[in-house]
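Inside the fold
The lines below spell out each chain.
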Amino acid sequence: MRVKDVDQVVITVDDLEAARGFYHEVLDLPVLAETETKLLFQLGKQTLVCQLPTAAGLQSAHPTVGSTTLSILVKDSLATIEAHLANYFIDIVAGPLDRQLTKHQGHSLLINDPAGNLIEIKESQSN
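Just so it is clear, the model here is predicted, and its values are computed rather than measured.

Examining the sheet that holds strand β7 (residues 106–112)
Sheet strands pair by backbone hydrogen bonding; their relative direction is either parallel or antiparallel. The strand order across the open sheet built from 4 strands is β5-β8-β7-β6, with neighbouring strands paired in mixed fashion. Each having just a single partner strand, β5 (69–74) and β6 (92–99) make up the two edges of the open sheet. Strand-to-strand twist in this sheet, taken as the mean axis angle between neighbours without regard to direction, amounts to 20°. In this sheet, strand β8 (residues 118–123) lies alongside β7 in antiparallel orientation, the contact comprising 5 bridges. Pairing of Ser108 across the sheet is with Lys122, part of β8.

Focus on the packing of aromatic side chains
For any pair of aromatic rings, the description consists of the separation of the ring centres together with the inter-plane angle of the planes. Counted under the stated rule, the structure contains 2 aromatic pairs. Each ring, one from Phe22 and one from Tyr23, has its centre 4.8 Å from the other, and the planes form 85°; the classification is edge-to-face. On the accessibility criterion, Phe22 (3% relative accessible area) is buried. For Tyr23, a relative accessible area of 0% translates into the label buried. Ring centres of Tyr23 and Phe41 lie 5.8 Å apart, and the angle between their planes is 40°; on these two criteria the pair is classed as tilted. Of the two residues, Tyr23 is situated in helix α1 (residues 16–26) and Phe41 in strand β3 (residues 38–43); the sequence distance between them amounts to 18 residues. In this structure Phe41 comes out as buried when scored by relative accessible area, which is 0%.

Digging into the environment of Tyr23
As for Tyr23 and Asp76, which are separated by 53 residues in sequence, their C-alpha atoms are 17 Å apart. Side-chain polar atoms of Tyr23 contact the side chain of Asp113, separated by 2.7 Å.

A word on the sheet that holds strand β1 (residues 8–12)
Read across the open sheet, the 4 strands follow the order β1-β4-β3-β2; overall the sheet is mixed. The open sheet terminates on both sides in strands that have one partner only, identified here as β1 and β2 (31–34). The average angle at which neighbouring strand axes cross in this sheet is 20°, direction not considered. Relative to strand β4 (residues 46–51), β3 runs antiparallel, the two being bridged by 6 bridges. Residue pairing across strands places Lys38 opposite Gln51, the latter belonging to β4. Of the strands in this sheet, β1, β2, β3 and β4 are in contact with α1, which crosses β3 at around 10°.

The rules behind the values
Residues numbered from 1 in each chain as written. Predicted model: local features only at pLDDT ≥ 70, side-chain atom pairs only at ≥ 80, totals over all residues. Heavy atoms only, no water. Pairing = 2+ DSSP bridges. Helix = DSSP H or I, 4+ residues; strand = E, 2+ residues; numbered from the N terminus. Axes fitted to C-alpha atoms, helices over the stretch in contact; angles between N-to-C directions. Phe/Tyr/Trp six-rings, centres within 6.5 Å; stacked < 30°, edge-to-face > 60°. Buried < 20%, exposed > 50% of the residue type's maximum accessible area, 1.4 Å probe, protein only. Polar contact = N/O pair within 3.5 Å; in protein donor to acceptor, adjacent residues only side chain to side chain. Contact = heavy atoms within 4.5 Å.

Put into structure tokens, the structure is as follows:
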């Protein structure tokens, strides 16, 4: 098997409206689609799916709210991101941190989404 790329990432949330407010309003991800149990956002070339643990259909064996860590690359400086997060009253869990053990080395901030999932916001080294 030759894996080409990641198509989508699914995270479990407990409140779709809070997820919409965070991912669409704070992180500025476009909404692609929504149902009563799922929200789909454009995340770069991939799709981010926020789904309730009660969603019908295929899902992980033990969907758990707040158990995911997601790292995203941004074109803005961390100072700009910190100011943006402050405007939305989003607490920074950690950072700025110097992250060297990943494919995209650099500085990052860590925050939690409304469901408690850990979101790493990392400066992109190239714009």
